[in-house]
Amino acid sequence: MNRPSRDSYTSRNIFARLVASSLSRALRSMLALLCLVATSSLAEVMPMVAAAPGGGDAASAYTVALKSDGTVMAWGDNAYGQLGVDTTTRSLIPVMVPGVTGVVAVSVGDAHTFALKSDGTVMAWGTGLLGNGTSSQRSSPVTVPGLTGAVAVAAGGTHTVALKSDGTVMAW
């Protein structure tokens with residue numbers, strides 16, 4: 001029997017810890033999820049909501065929800081384009097993120113959003129390190145170049161990690 005290498009266990013443990021640190025955000029998102037269920041246009045929302053609490057910057061308090069059809073809705077502050085709707089105007093109601101389909105998971109950082117697609121690619125928008133080699137702001141989704149085979153993605157405050165199907169972890 002082939003055992004995974006020690007490095008493989010370490011990569012998975014690091015990823016698990018990063019995901020666990022995001023769980024407190026999930027608890028804050030439960031209220032947003034309850035509001036979603038009551039909104040008829042979001043009747044098909046899956047139980048996956050990611051919320052950025054805003055930290056010390058109120059301009060980064062926003063929520064992203066994954067619908068059961070693989071599309072993404074977002075609302076809240078948008079000073080950095082973190083809603084992905086090609087503007088920096090905040091939205092008090094959920095809006096569809098254009099051009100983002102086939103999504104199986106979402107994750108948010110302080111002012112950046114990531115969507116894992118069913119084909120193993122990852123899309124990003126907002127500000128900071130989006131995995132595209134720059135730190136420039138993008139108010140509409142872009143595919144993270146060179147990242148394929150992703151099975152999980154987790155955004156932190158100012159960083160993001162992706163777990164690939166071969167067990168490796170990419171971080172930026």
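If you're wondering where the values come from, they're calculated on a predicted model, not measured in any experiment.

Peer 1: What should I look at first to understand the sheet that holds strand β11 (residues 169–171) in this one?
Peer 2: Two strands in a sheet stick together by hydrogen bonds in their backbones, pointing the same way (parallel) or opposite ways (antiparallel). One open sheet accounts for three strands, arranged β9-β10-β11; its pairing is antiparallel. Looking along the sheet, the strands with just one partner apiece sit at the ends: β9 (150–155) and β11. Each strand axis lies, on average, 20 degrees off the axis of its neighbour in the sheet, ignoring direction. Bridge count for strand β10 (residues 160–164) against β11 is three bridges, and the pairing is antiparallel. By the bridge assignment, valine 161 is partnered in β11 with alanine 171.

Peer 1: Explain the pairing of strand β7 (residues 122–126) to me, please; I cannot follow it from the model alone.
Peer 2: Successive side chains on a regular strand alternate, one facing one side of the sheet and the next facing the other. When you tally the buried positions in β7, you get five out of five residues, the bulk of the element. Because side chains alternate across β7, one face comprises the buried residues Val122, Ala124 and Gly126, and the other comprises Met123 and Trp125, equally buried. Judged from the three bridges that link them, β7 and strand β8 (residues 138–143) form a sheet pairing that is antiparallel. Bridge pairing in β8 places methionine 123 opposite threonine 143.

Peer 1: Would you mind going over unusual backbone geometry with me for this structure?
Peer 2: As a rule of thumb, non-glycine residues mostly have phi less than zero, and peptide bonds are mostly trans rather than cis. Even without being a glycine, aspartate 86 presents a positive backbone phi close to 60 degrees. Relative to the helices and strands, aspartate 86 resides in the loop between β3 (72–76) and β4 (91–96).

Peer 1: What's the story with the sheet that holds β7 in this structure? I'm lost.
Peer 2: If you trace the four strands from one edge of the open sheet to the other, you get β5-β6-β7-β8, paired in antiparallel fashion. Each end of this open sheet is capped by a strand with a single partner; those strands are β5 (103–108) and β8. Neighbouring strand axes in the sheet, compared pairwise and without regard to direction, differ in orientation by 15 degrees on average.

Peer 1: What should I look at first to understand the environment of glutamine 82 in this one?
Peer 2: Positionally, glutamine 82 belongs in the loop between β3 and β4. A sequence separation of 29 residues divides glutamine 82 from alanine 111, and the C-alpha atoms of the two residues are 5.5 Å apart. Here aspartate 77 takes part through its backbone oxygen, which lies 3.2 Å from a polar atom of the side chain of glutamine 82.

Peer 1: I would appreciate a short explanation of the confidence of the model for the chain in the present structure.
Peer 2: Parts of the prediction with low pLDDT should not have their coordinates interpreted in detail. Overall, the prediction assigns the chain a mean pLDDT of 77, with 65% of residues at 70 or greater. Per-element confidence in the chain is highest for β7, whose mean pLDDT is 95, and lowest for helix α2 (residues 23–38), whose mean pLDDT is 44. Contacts for the low-pLDDT stretch residues 21–47, under 50 throughout, to residues beyond four places or in other chains number 39 contacts.

Peer 1: In this structure, what is going on with the pairing of β3? I would like to understand it.
Peer 2: In terms of burial, β3 is a largely internal element, five of the five residues being buried. Burial along β3 is two-sided: the residues Val72, Ala74 and Gly76 and Met73 and Trp75 are all buried. The antiparallel hairpin formed by strand β2 (residues 61–67) and β3 contains four residues in its connecting segment, where glycine 70 sits at a positive phi of about 85 degrees. As defined by bridge partners, β3 adjoins β4 across three bridges and the pair is classed as antiparallel. Looking at the pairing, glycine 76 lines up with serine 91 of β4.

What counts, and where the lines are drawn
Residues numbered from 1 in each chain as written. Predicted model: local features only at pLDDT ≥ 70, side-chain atom pairs only at ≥ 80, totals over all residues. Heavy atoms only, no water. Pairing = 2+ DSSP bridges. Helix = DSSP H or I, 4+ residues; strand = E, 2+ residues; numbered from the N terminus. Axes fitted to C-alpha atoms, helices over the stretch in contact; angles between N-to-C directions. Buried < 20%, exposed > 50% of the residue type's maximum accessible area, 1.4 Å probe, protein only. Polar contact = N/O pair within 3.5 Å; in protein donor to acceptor, adjacent residues only side chain to side chain. pLDDT = per-residue confidence, 0-100. Contact = heavy atoms within 4.5 Å.

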